[in-house]
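Here's the letter readout for the chains.
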Amino acid sequence: MVTFEDCCIQCASSCSGSGWTDYGTGYVRKYTGVCNCNGTCDKTYSYACAAGYYGVTSNGTSGCTPCPNSGTSAQASTSITSCYLPSGTVGSDSTGTYVYTSNCYYR
(Lines give C-alpha, C1' and ligand atoms only; values in the text may rest on other atoms or scores of the structure.)
Protein backbone atom coordinates (compact mmCIF):
# COMPACT_ATOMS: atom_id res chain seq x y z
CA MET A 1 0.00 0.00 0.00
CA VAL A 2 1.35 3.41 -0.97
CA THR A 3 1.06 6.00 1.76
CA PHE A 4 0.64 9.73 1.33
CA GLU A 5 4.26 10.19 2.42
CA ASP A 6 5.47 7.63 -0.16
CA CYS A 7 3.54 9.46 -2.84
CA CYS A 8 5.16 12.75 -1.86
CA ILE A 9 8.65 11.25 -1.93
CA GLN A 10 8.07 9.65 -5.34
CA CYS A 11 6.52 12.80 -6.74
CA ALA A 12 9.23 15.05 -5.35
CA SER A 13 11.99 12.97 -6.93
CA SER A 14 10.34 13.01 -10.35
CA CYS A 15 9.27 16.65 -10.15
CA SER A 16 12.53 18.32 -9.21
CA GLY A 17 13.50 21.35 -11.24
CA SER A 18 16.14 21.47 -13.92
CA GLY A 19 19.08 23.68 -14.74
CA TRP A 20 19.16 25.86 -17.82
CA THR A 21 19.00 23.93 -21.10
CA ASP A 22 19.18 25.08 -24.72
CA TYR A 23 15.78 26.01 -26.09
CA GLY A 24 16.26 26.97 -29.72
CA THR A 25 18.76 29.39 -31.18
CA GLY A 26 19.54 32.17 -28.72
CA TYR A 27 17.32 30.92 -25.90
CA VAL A 28 17.58 28.80 -22.75
CA ARG A 29 14.86 27.39 -20.51
CA LYS A 30 14.55 25.85 -17.06
CA TYR A 31 11.65 24.61 -15.04
CA THR A 32 10.69 24.57 -11.42
CA GLY A 33 8.49 21.69 -10.39
CA VAL A 34 5.90 21.78 -7.64
CA CYS A 35 4.66 18.42 -6.45
CA ASN A 36 0.95 18.18 -5.65
CA CYS A 37 1.41 14.80 -3.93
CA ASN A 38 -1.52 13.39 -5.84
CA GLY A 39 0.83 12.15 -8.51
CA THR A 40 0.84 15.35 -10.55
CA CYS A 41 3.65 17.80 -11.02
CA ASP A 42 3.08 21.45 -11.90
CA LYS A 43 6.02 22.79 -13.89
CA THR A 44 6.70 26.48 -14.22
CA TYR A 45 9.06 27.43 -17.05
CA SER A 46 11.48 30.34 -17.08
CA TYR A 47 13.21 31.63 -20.20
CA ALA A 48 16.32 33.72 -20.81
CA CYS A 49 18.69 34.67 -23.59
CA ALA A 50 21.56 32.27 -24.22
CA ALA A 51 25.21 33.30 -24.02
CA GLY A 52 26.08 35.51 -27.00
CA TYR A 53 22.62 37.11 -27.01
CA TYR A 54 20.91 39.88 -25.05
CA GLY A 55 17.35 40.94 -24.38
CA VAL A 56 14.28 39.87 -22.46
CA THR A 57 12.06 36.95 -23.36
CA SER A 58 8.95 35.62 -21.67
CA ASN A 59 8.33 32.73 -24.05
CA GLY A 60 11.70 31.52 -25.39
CA THR A 61 10.78 32.39 -28.97
CA SER A 62 11.23 36.15 -29.26
CA GLY A 63 13.08 39.00 -27.58
CA CYS A 64 16.73 37.90 -27.80
CA THR A 65 19.19 39.49 -30.23
CA PRO A 66 22.67 38.27 -31.15
CA CYS A 67 25.54 40.41 -29.85
CA PRO A 68 26.98 42.61 -32.62
CA ASN A 69 30.24 41.90 -34.44
CA SER A 70 30.25 38.22 -33.40
CA GLY A 71 30.64 39.30 -29.78
CA THR A 72 29.56 37.31 -26.79
CA SER A 73 27.79 37.84 -23.47
CA ALA A 74 26.88 35.93 -20.35
CA GLN A 75 23.68 33.90 -20.32
CA ALA A 76 20.60 35.93 -19.30
CA SER A 77 22.12 39.28 -20.37
CA THR A 78 19.38 41.84 -20.87
CA SER A 79 21.32 44.79 -22.33
CA ILE A 80 23.55 45.28 -25.37
CA THR A 81 26.12 46.77 -23.00
CA SER A 82 26.66 43.22 -21.68
CA CYS A 83 28.03 42.21 -25.09
CA TYR A 84 31.78 42.21 -25.59
CA LEU A 85 34.65 41.06 -27.75
CA PRO A 86 36.76 38.75 -25.59
CA SER A 87 40.38 39.41 -24.70
CA GLY A 88 42.59 37.86 -27.36
CA THR A 89 40.22 38.70 -30.24
CA VAL A 90 42.16 39.69 -33.34
CA GLY A 91 40.92 42.59 -35.45
CA SER A 92 42.22 44.73 -38.26
CA ASP A 93 41.66 48.12 -39.79
CA SER A 94 43.39 50.36 -42.32
CA THR A 95 46.43 50.71 -40.03
CA GLY A 96 46.99 46.97 -39.54
CA THR A 97 46.17 44.09 -37.23
CA TYR A 98 45.54 44.37 -33.50
CA VAL A 99 44.65 42.14 -30.54
CA TYR A 100 42.27 43.06 -27.72
CA THR A 101 44.18 42.77 -24.42
CA SER A 102 40.99 42.86 -22.31
CA ASN A 103 37.30 42.32 -22.90
CA CYS A 104 35.93 45.15 -25.02
CA TYR A 105 32.31 45.90 -24.08
CA TYR A 106 29.74 47.45 -26.39
CA ARG A 107 28.81 51.02 -25.43
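So, a few notes on the structure that sits alongside this text. Per chain, the residues get numbers from 1 upward, laid out in the order the sequence is written. Where totals are concerned, whole chains, interfaces and linings use all residues; where local detail is concerned, this predicted model gives features only for residues with pLDDT of at least 70, and gives and counts side-chain atom pairs only at 80 or more. Side-chain measures were taken over the full set of non-hydrogen atoms in the model, leaving aside hydrogen atoms and water.

What follows covers the pairing of strand β8 (residues 96-99). In this scheme, strands are said to pair when DSSP sees at least two bridges between them. In DSSP terms, a helix is any run of H or I states spanning at least four residues, a strand is any run of E spanning at least two, and both are numbered starting from the N terminus. Of the strand pairs in this sheet, strand β7 (residues 90-93) and β8 are connected by four bridges, and their pairing is antiparallel. Opposite valine 90, over in β8, you have valine 99 as the bridge partner. The loop that links β7 with its antiparallel partner β8 comprises two residues.

Moving on: the side chain of serine 77. Position of serine 77 among the secondary structure elements: in the loop between β5 (64-66) and β6 (84-85). Any N or O atom pair separated by 3.5 Å or less is treated as a polar contact, with the protein-specific requirement of one donor-capable and one acceptor-capable atom, and with residues adjacent in sequence counted only for side-chain atom pairs. For serine 77, the side chain forms a polar contact with the main-chain oxygen of alanine 74, separated by 2.7 Å. Residue contacts are defined here by distance: any two heavy atoms, one from each residue, within 4.5 Å place the two residues in contact. Not counting residues within four places of it along the chain, the set of residues in contact with serine 77 comprises Cys49, Tyr53, Tyr54, Gly55 and Ser82.

Only a pair of cysteine sulfur atoms within 2.5 Å counts as a disulfide in this structure description. In total, this model carries two disulfides according to the counting rule given. Here cysteine 67 engages in a disulfide with cysteine 83; their sulfurs sit 2.1 Å apart. Residues cysteine 67 and cysteine 83 share a disulfide whose torsion about the S-S bond is about -70 degrees; that sign makes it left-handed. Remark: cysteine 83 occurs in the loop between β5 and β6 and cysteine 67 occurs in the loop between β5 and β6; sequence separation between them is 16 residues. A simple rule labels every residue: compare its accessible area, found with a 1.4 Å probe on the protein chains alone, to the largest value its type can have, and call it buried under 20%, exposed over 50%, or partly exposed in between. When its relative accessible area of 7% is taken as the criterion, cysteine 67 is described as buried. According to the relative accessible area criterion, cysteine 83 is buried, its value standing at 3%.

Just geometry here; none of it tells us what the structure is for.
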